[in-house]
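A structural walkthrough
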Amino acid sequence: MPLARRFLVQEHNPHIHSYDPDGFLSVGNGNFTYTVDCTGLQSYLHNRIGKTPLCTMSSWGMHSYRGKETPRYDLLKLKQYDCNGRKVGYMTDPAGQEQLFNDLRINPHRFNLARIGLKAKDTEEEVFISSLAHIDQSLDLYSGLITSTFVYQGERVCVQTVCHPHQDQISISVESLLIANGLLSVVVHFPYASHTISGSDYTRDDDHTSILATGENNQYVIKRSMDSSRYEVHIGTCMQCCVQQTSQHAFEITCSNLVLQASFLFKQEAGNCTVSSFAQAKALSANHWARFWTEGAFIDFSLSSDERSKELQRRMLLSRYLLAIQCSGETPPPETGLTCNSWYGKFHLEMHLLHASHFALFNQAELLERSLHWYAGILDGAYERARVQGYRGARWPKMTDPSGNDSPSSIGTLLCWQQPHPIFYASLLRKTHPESALLKEWTEIIEATAAFMVDYLQYDEKQGLYVLGPPLIPVQENHRPEETLNPTFELSYWRWALQEAVSLLKEADRSVDEHWLQVLEKLSPLPNDAEVYLAHQHCPDTYGAFAYDHPSLLFSLGLLDGRDVDRRMMNNSLDRVLKDWKLNELWGWDFPLMAMTAARLGRSADAVDLLLMDSPKNTYTPNGHNAQLPKADLPLYLPGNGALLLALALMAGGWEGETAHAPGFPKDGWVVRIENLKRFW
């Protein structure tokens, strides 16, 4: 019997009953996200440190401060590192060039497109929000509709909020007698851009412009200009509404009817467009989300007796929703998605794998493919980055933006584990969606990626082996780049990805350089002390002084298939990590990746314990976000959600060579039912 998906999804609809930044809900479509408070809009801006701000953000909404529009990488002095007898420059040292270094990091930055909220007549925002009673808000995951009801001044208010699935538009409906009598209205307020977490600066009114133009049939356009950034907001309202400019950057929508309905379409390019009505957007959203939940894969724990199963179901379903609205767009997402800024709203390519790979395993490869097309657009820059450093092939950036430029960093530019990712994606598509047209289009990307990986390796004549590093910084970022040699996960990932690249290129009828095959034959073994794996070859104190941050030495068997792993040593390594590591300092995505290792080792009880470990950075808030407590700059962290889904796909769906049903879950206490889930390698 098919799973009752609608019932199972809606059973976990989030319900909010107060003004709670940990419960702020969002609607979105992958390229655009609108986050609301308990009123269903953005009615009160709090100033609580470490809590989610209220923003409206898009994949294209980037801004550079005046005079910083053209990045001056040509003026930046590079720090030279010894690389097997030659010098290679990296953007790692701000000394003596602090301003330029910082400018290149924070520009461009993502910004808050607009704030759309309720306004109570002659009442301060804080007084209004504190006066609300009987707050009852829910997000219907199956239709993408947020419904918020509350009582103000004795009158009931009902707000419905929805995002158009195919264009950057939100639509709202506000129903109350307070609307008709003029005591409540909707206000649109535009801030200046900022690189901070809120993407907003409401103190610089004179540094940007907002111009209202009125059209026919209750259609309006607000034209925005902010330094070199331009965009428009097209507004469509019901016939009884009126839009008026009330201050330099504030616009008020009033209505003589009981129901105020309005739609706001955000466009980067000027021109004609069609603004859908609230009813149209609501219907399109309902159809979109019904398809999302019925066409994708599904995992059901509802028959399990383990008391943790309901929480795991909640985390899974909310993670599926959150990643669909924020991580399925045309570019890789930032680590806080389109909810707010982290690292200035730039995205980190090593995290793209965690944000989006699960889509392919959950039978929705097209949602992964949407962001993969971006790589072709930055390929020339990746070629140039490799050439400048004296390497063949294409070197992908780490902390970047839609332009593909890298950002200066004492760590980021030396990180290398994002480099094999395009091969990971291609291999994943070949396994889960072999008819993908992108596989044929990506032959050059696979070839260029692998060419750099081969050339990046160094030949150790004394050992007769190819080695990885130095200089480099591994996943576990607490190692000095000058000392890091053959980090375990990166070395395993290099071997795995080069073998996959050879296979992919042969299937595409492309010749493979014989040198690549020779390199693979002589690639170093994973560093170990005969009992456990080490962080890298020069790190005998792996489980002592370095037993914190990401335990990436485990990930060769888990995220990867462990083809070069000794299972006895990996089992011992997991034991040592669980015993000696500072687990409270792990990041949100470490727990699921460790669970994947445990699952492949046949330690299903440990896998579930790791997935649900009670630890500050494994916290999941009422809205489903993975908060990185106590970090004030990461009230949410989508790589944690994405890694959770990767782990669940492996644990429930299994992997090549494993025949047991749901091999990552214990038989005692767990009943795991699945539909359409793809198997991992």
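So, a few notes on the structure that sits alongside this text. Here the residue numbers are simple positions, counted from 1 along each chain's written sequence. Local features in this predicted model are restricted to residues of pLDDT 70 or higher, and side-chain atom pairs are both shown and tallied only at a pLDDT of 80 or more, whereas totals for entire chains, interfaces and linings draw on every residue. To obtain the side-chain values, all non-hydrogen atoms of the structure were included, while hydrogens and water were left out.

**Description of the overall build of the protein chain**
Using the following cut-off: The secondary structure listing takes helices from DSSP runs of H or I that are at least 4 residues long and strands from runs of E that are at least 2 residues long, numbered from the N terminus. Atoms considered for the radius of gyration are the C-alpha atoms alone. The globule rule reads 2.2 Å times the number of residues to the power 0.38. Three labels apply to residues, based on accessible area from a 1.4 Å probe with only protein chains included: buried if under 20% of the type maximum, exposed if over 50%, partly exposed otherwise in between. In this description, contact between two residues means that some pair of their heavy atoms is separated by no more than 4.5 Å. In this tally, Asp and Glu contribute negative charge and Lys and Arg positive charge; neither His nor the terminal groups of the chain are included. One atom stands in for each charge, and that atom is NZ of Lys, CZ of Arg, CG of Asp or CD of Glu.
Assigned secondary structure in the protein chain consists of 19 helices and 30 strands. Expected size for 681 residues packed as a compact globule is a radius of gyration near 26 Å; at 26 Å, the protein chain falls within 12% of this value. Overall, the protein chain is about 85 × 60 × 50 Å in size when its C-alpha atoms are taken along their principal axes. The burial tally for the protein chain puts 63% of its 681 residues in the buried class. Taking contacts inside the protein chain between residues at least 6 apart in sequence as the whole, the part at least 24 apart equals 70%. Once the 59 positive and 78 negative side-chain charges of the protein chain are each reduced to a mean point, those two points are 1 Å apart.

**Some words on the sheet that holds strand 19 (residues 229-237)**
Selection criterion: Any two strands are treated as partners once DSSP identifies two or more bridges connecting them. Angles here are taken between N-to-C directions and fall from 0 to 180 degrees, while the axes themselves are lines fitted to C-alpha atoms, restricted in helices to the stretch in contact.
Reading across the sheet, the nine strands line up as 1-10-11-12-13-22-19-18-17 and stay open at both edges, with antiparallel pairing between neighbours. The open sheet has two edge strands, strand 1 (15-16) and strand 17 (209-214), and neither has a second partner. Pairing of strand 12 (residues 155-163) with strand 13 (residues 169-175), which is carried by six bridges, proceeds in the antiparallel orientation. Bridge pairing in strand 13 places cysteine 158 opposite glutamate 175. In this fold helix 5 (residues 278-295) packs onto strand 11 (145-152), strand 12, strand 13 and strand 22 (259-267), with an angle of close to 60° to the strand it touches most, strand 12.

**Concerning the packing of helix 13 (residues 443-456) against helix 14 (residues 488-507)**
To keep things clear, this is the line we draw: Here the word oblique covers every angle except those under 35 degrees (roughly parallel), over 145 (roughly antiparallel) and from 65 to 115 (roughly perpendicular). Crossing handedness follows the turn of the near helix against the far one: under a right angle anticlockwise gives a left-handed crossing, and clockwise gives a right-handed one. Classes in brief: Ala, Val, Leu, Ile, Met, Phe, Trp, Tyr, Cys and Pro nonpolar; Asp, Glu, Lys and Arg charged; the others, Gly included, polar.
In the contact formed by helix 13 and helix 14, the axes pass within 10 Å of each other and the chain directions differ by 140°. By the criterion of interaxial angle, the relationship of helix 13 to helix 14 is oblique. Judged by the twist between their axes, the crossing of helix 13 over helix 14 is left-handed. Every residue of helix 14 that contacts helix 13 at Thr443, Ile446, Glu447, Ala450, Met453, Val454 and Tyr456 is listed here: Trp494, Ala497, Leu498, Ala501, Leu504 and Leu505. Looking at the contact of helix 13 with helix 14 residue by residue, the class counts come to eleven nonpolar, one polar and one charged.

**Structural notes on the packing of aromatic side chains**
Note the threshold: Between rings of Phe, Tyr and Trp, where Trp is taken as its six-membered ring, a pair exists when centres lie within 6.5 Å; planes separated by under 30 degrees are stacked, by over 60 edge-to-face, and by other angles tilted.
What the rule picks out here adds up to 38 aromatic pairs. Considering the side-chain rings of phenylalanine 424 and tryptophan 681, the 4.9 Å spacing of their centres and the 85° angle between planes classify their relative orientation as edge-to-face. Taken together, the residues phenylalanine 424 in helix 11 (residues 421-432) and tryptophan 681 in the segment after strand 30 (673-675) connect sequence positions 257 residues apart. The residues phenylalanine 424 and tryptophan 681 share a single accessibility class, namely buried. Arranged with centres 4.8 Å apart and planes meeting at 50°, the rings of tryptophan 496 and tryptophan 681 form a pair that is tilted.

**Points about unusual backbone geometry**
Proline 470 follows glycine 469 through a cis peptide bond whose omega is -15°. Locating proline 470 in the fold gives a position in the loop between strand 27 (465-467) and helix 14. Note that the residue after leucine 629, namely proline 630, is joined by a cis bond; omega there is 0°. Along the chain, proline 630 turns up in the loop between strand 29 (626-627) and helix 19 (638-653). A positive phi angle, near 55°, is found at histidine 134, a position not held by glycine. Mapped onto the secondary structure, histidine 134 falls in strand 10 (residues 133-140). For histidine 134, a relative accessible area of 66% gives the class exposed.

**Describing the pattern of salt bridges**
Note the following rule: Every case where a carboxyl oxygen of Asp or Glu lies within 4 Å of a side-chain nitrogen of Lys or Arg is listed as a salt bridge.
Tallied over the full model, the rule gives 31 salt bridges. Arginine 314 serves as the salt-bridge partner of glutamate 311, at 2.9 Å between the closest nitrogen and oxygen. Linking glutamate 311 with arginine 314, this pair stays in helix 6 (residues 309-326), spanning three residues, or about one helical turn. A residue is classified by how much of its surface remains accessible, and arginine 314, at 16% relative accessible area, is buried. A salt bridge links arginine 495 to aspartate 564; its shortest N-O distance comes to 2.8 Å. One end of the pair, arginine 495, is in helix 14; the other, aspartate 564, is in the loop between helix 15 (514-521) and helix 16 (567-580), with 69 residues separating them in the sequence. Of the two residues examined, arginine 495 and aspartate 564, each falls in the buried class. Here the salt bridges do not stand alone but share partners, grouping Arg430, Glu500, Glu507, Asp561 and Arg563 into one network.

**Describing the side chain of asparagine 623**
To keep it simple, the criterion reads: The term polar contact refers here to a pair of N or O atoms within 3.5 Å; inside protein, the definition further demands a hydrogen-donor-capable atom paired with an acceptor-capable atom, and it admits residues adjacent in sequence only when both atoms are side-chain atoms.
One can find asparagine 623 in the loop between strand 28 (619-620) and strand 29. Accessibility expressed as a relative area gives 6% for asparagine 623, which makes it buried. Only 2.8 Å separates the side chain of asparagine 623 from the backbone oxygen of phenylalanine 24, close enough to count as a polar contact. Excluding residues within four positions of it along the chain, asparagine 623 makes contact with Pro21, Asp22, Gly23, Phe24, Leu25, Leu318 and Leu322.

**Overview of the side chain of serine 276**
With respect to the helices and strands, the residue serine 276 is situated in the loop between strand 22 and helix 5. Look at serine 276 and you get buried, because its relative accessible area is 10%. Of the polar contacts made by the side chain of serine 276, one reaches the side chain of histidine 164; its length is 3.3 Å. Residues within four places of serine 276 in sequence aside, it is in contact with His164, Gln167, Gln169, Ser171, Ser263 and Ala281.

**As for the sheet that holds strand 20 (residues 241-247)**
Paired through backbone hydrogen bonds, the strands of a sheet run either parallel or antiparallel to each other. The sheet built from four strands is open, its strands ordered 9-14-21-20 with antiparallel pairing. Taken across any chain shown, the strands that pair with only one partner, and hence form the sheet edges, are strand 9 (115-120) and strand 20. Sheet twist, expressed as the average angle between the axes of neighbouring strands with direction ignored, equals 30°.

**Thoughts on helix 19**
To keep things clear, this is the line we draw: Expected helix span is computed as 1.5 Å times (number of residues minus one).
Spanning 16 residues, helix 19 covers 22 Å between terminal C-alpha atoms, matching the ideal 22 Å at 1.5 Å per step. Among the 16 residues of helix 19, 16 are classified as buried, and the element is accordingly described as predominantly covered. Downstream of helix 19 by one or two residues, glycine 654 has phi in the positive range, about 85°.

**Some points on the nonpolar core**
The following threshold applies: Only buried residues count toward a nonpolar core, which is a set of Ala, Val, Leu, Ile, Met, Phe, Trp, Tyr and Cys residues joined through side-chain atoms within 4.5 Å.
Residues Val174, Phe264, Phe266, Trp293, Trp589 and Phe665 are the most contacted members of the largest nonpolar core, which totals 211 residues. With residues up to four places along the chain from it excluded, the contact list for tryptophan 293 reads Arg5, Val9, Leu141, Tyr142, Phe298, Leu317, Arg320 and Tyr321.

**What about the pairing of strand 14 (residues 184-189)?**
Counting buried positions over the six residues of strand 14 gives five, a clear majority of the element. Here strand 9 runs beside strand 14; their pairing, made up of six bridges, is antiparallel. Looking at the pairing, alanine 120 lines up with leucine 184 of strand 14. By the bridge criterion, four bridges tie strand 14 to strand 21 (residues 250-255) in an arrangement that is antiparallel. From the neighbouring strand, valine 186 faces strand 21, where its bridge partner is isoleucine 253.

These results come straight from atomic positions and should not be treated as a statement about function.
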